[in-house]
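Residue strings, one per chain:
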Amino acid sequence: MTAEYGEAAHQAWPGRRQPGAARKGRVTSLRRRRRALRMARDGEARASLTGQPSMLRDGSLVLIRQVRGTDVALLADCFDRLSEQSRRSRFLGNKARLSSAELRFLTRVDHHDHEALAALDRRGRGAGVARYVRDHEDRGAAEIAVTIVDEWQGRGLGSKLLELLSDRARAAGIVRFTATVALGNLASERLIRTAGGVLAGQAPGSREYEISLVPWQEPFLVEWLGELDAGLAPARPDPRD
Ligand SMILES: CC(C)(COP(=O)(O)OP(=O)(O)OC[C@H]1O[C@@H](n2cnc3c(N)ncnc32)[C@H](O)[C@@H]1OP(=O)(O)O)[C@@H](O)C(=O)NCCC(=O)NCCS
């Protein structure tokens, strides 16, 4: 750091009048900045292992992470806290409990053909789960299910989980999600349509939707080519940029 920068910083912080104090303050602020950077890096490393903190539309915080084999109690608790209506919407019929075999299936996730992401509240209780299961015959397709505990519905958690699940699916080579939605499940239809879902079929009491998963690089390319057409983007990168 140069002396000029130090002087400018000194002038920009009128509270620090003493030159010695200015230097001391500068060192402290540098240390703080380094510590913040270190903590952010550590946080990123931890996030990739244990989860990603996420703020919802209403400002509440959840931790989103992959479901583990040890999450049987967590998922059973989520199911217990679902209203009858939510259970019917999720399982397309009455469902009083999840069997041990079902809980095993829902928690034994290989993170490639079957992925599940759980959102946890501050106390570590489940707030919602989103999962995909790859189609055995059509390897580019996977069926999805999103379930948000009633007290967490309508805050943007379903949308957030679906967005993150889409990223996981792209990484696993999945290009299309399919979803079966009970007739009258407006929240689910809205969630899927907002994610780009289109109606693909109809059965008694339900509708089939498909969501195309555009590969990551394409939205950027389309935007860049559009700007190029409009004369807004340089044809070749400027070396001074
Ligand atoms: C369907 C469900 C997953 C949606 O999750 P959510 O966290 O409540 O939804 P979000 O807050 O992210 O909102 C998603 C969209 O639905 C809309 N929405 C939310 N609740 C709604 C309701 N009760 N009626 C109509 N629209 C609603 C939101 O406005 C939002 O639309 P937008 O992005 O265009 O503004 C959740 O309600 C749920 O778990 N329901 C029970 C189980 C179920 O039906 N699962 C779906 C099986 S695939």
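Residues numbered from 1 in each chain as written. Predicted model: local features only at pLDDT ≥ 70, side-chain atom pairs only at ≥ 80, totals over all residues.

**Details of the overall build of the protein chain**
So, point 1. When you go through the protein chain residue by residue, the secondary structure sums to eight helices and eight strands.
So, point 2. Counting all 241 residues of the protein chain, 21% fall into the buried class.
So, point 3. Contacts in the protein chain between residues far apart in sequence, at least 24 positions, make up 57% of those at least 6 positions apart. (Helix = DSSP H or I, 4+ residues; strand = E, 2+ residues; numbered from the N terminus. Buried ≥ 20, exposed ≤ 12 C-beta atoms within 10 Å, placed from the backbone. Contact = placed C-beta atoms within 7 Å.)

**Some words on unusual backbone geometry**
So, point 1. The backbone phi angle of Leu-92 is positive, close to 55 degrees, even though this residue is not glycine.
So, point 2. Its location among the elements puts Leu-92 in the loop between α4 (84-91) and α5 (100-107).
So, point 3. For His-111, which is not a glycine, the phi torsion comes out positive at approximately 65 degrees.
So, point 4. Residue His-111 is classed as partly exposed on the basis of its C-beta count, with 13 C-beta atoms lying within 10 Å.

**Observations regarding the packing of helix α3 (residues 72-80) against α5**
So, point 1. Put simply, α3 and α5 touch, their axes get as near as 9 Å, and they point 115 degrees apart. Between α3 and α5, the angle falls in the class roughly perpendicular. Like other packed secondary-structure pairs, α3 and α5 cross with a definite hand, here right-handed. Here Val-72, Leu-75 and Ala-76 of α3 come into contact with α5, specifically with Leu-103, Leu-106 and Thr-107.
So, point 2. Broken down by class, the residue content of the contact of α3 with α5 amounts to five nonpolar, one polar and no charged. (Axes fitted to C-alpha atoms, helices over the stretch in contact; angles between N-to-C directions. Parallel < 35°, antiparallel > 145°, perpendicular 65-115°, else oblique. Left-handed = near helix turned anticlockwise from the far one by under 90°. Nonpolar A, V, L, I, M, F, W, Y, C, P; charged D, E, K, R; others polar.)

**As for the sheet that holds strand β6 (residues 176-182)**
So, point 1. The mixed open sheet is built from eight strands, whose spatial order is β1-β2-β3-β4-β5-β6-β8-β7. Both outer strands of the open sheet, β1 (52-55) and β7 (198-203), are each paired with one neighbouring strand and no more. Along the sheet, successive strands turn relative to each other by an average axial angle of 25 degrees, direction set aside.
So, point 2. Here β1 runs beside strand β2 (residues 61-66); their pairing, made up of four bridges, is antiparallel. Pairing of Pro-53 across the sheet is with Leu-63, part of β2. (Pairing = 2+ DSSP bridges.)

**Some thoughts on the site of the ligand**
So, point 1. By nearness alone, 23 residues border the ligand, and Ser-89, Gly-158, Ser-159, Ala-187 and Arg-190 come closest of all.
So, point 2. The set of elements that each furnish at least two residues to the shell around the ligand consists of α4, β5 (141-148), α6 (157-171), β6 and α7 (186-194). (Near = placed C-beta within 6 Å.)

**Concerning α3**
So, point 1. Regarding α3, the residues found buried are Leu-75, Cys-78 and Phe-79. Across the axial projection of α3, the buried residues extend over an arc of 100 degrees, all falling on one side. For α3, exposure combined with an orientation more than 90 degrees from the buried face picks out Ala-73 and Asp-80.
So, point 2. Residues of α3 that are buried make contact with α5 and β4 (126-134). (Arc of directions from axis to C-beta.)

**Description of the confidence of the model for the protein chain**
So, point 1. Per-residue confidence for the protein chain averages 82 on the pLDDT scale, and 72% of its residues sit at or above 70.
So, point 2. Segment residues 1-19 is flagged for pLDDT under 50; beyond a separation of four residues in sequence, or across chains, it makes 11 contacts in the model.
So, point 3. Taken together, the stretch residues 43-49 has pLDDT below 50 and engages in one contact with residues farther than four places along the chain or on a different chain. (pLDDT = per-residue confidence, 0-100.)

**Section: the environment of Gly-69**
So, point 1. Assignment of secondary structure puts Gly-69 in the loop between β2 and α3.
So, point 2. In this view, Gly-69 contacts Thr-107 and Arg-108; residues no more than four positions away in its chain are not counted.

**Observations regarding the environment of Thr-180**
So, point 1. In this fold, Thr-180 is placed in strand β6.
So, point 2. For Thr-180, a count of 17 C-beta atoms within 10 Å translates into the label partly exposed.
So, point 3. Remark: the alpha-carbon pair of Thr-180 and Gln-202, spanning 22 residues in sequence, is separated by 9.1 Å.
So, point 4. In contact with Thr-180, not counting residues within four places along its chain, are Leu-92, Ser-206 and Glu-208.

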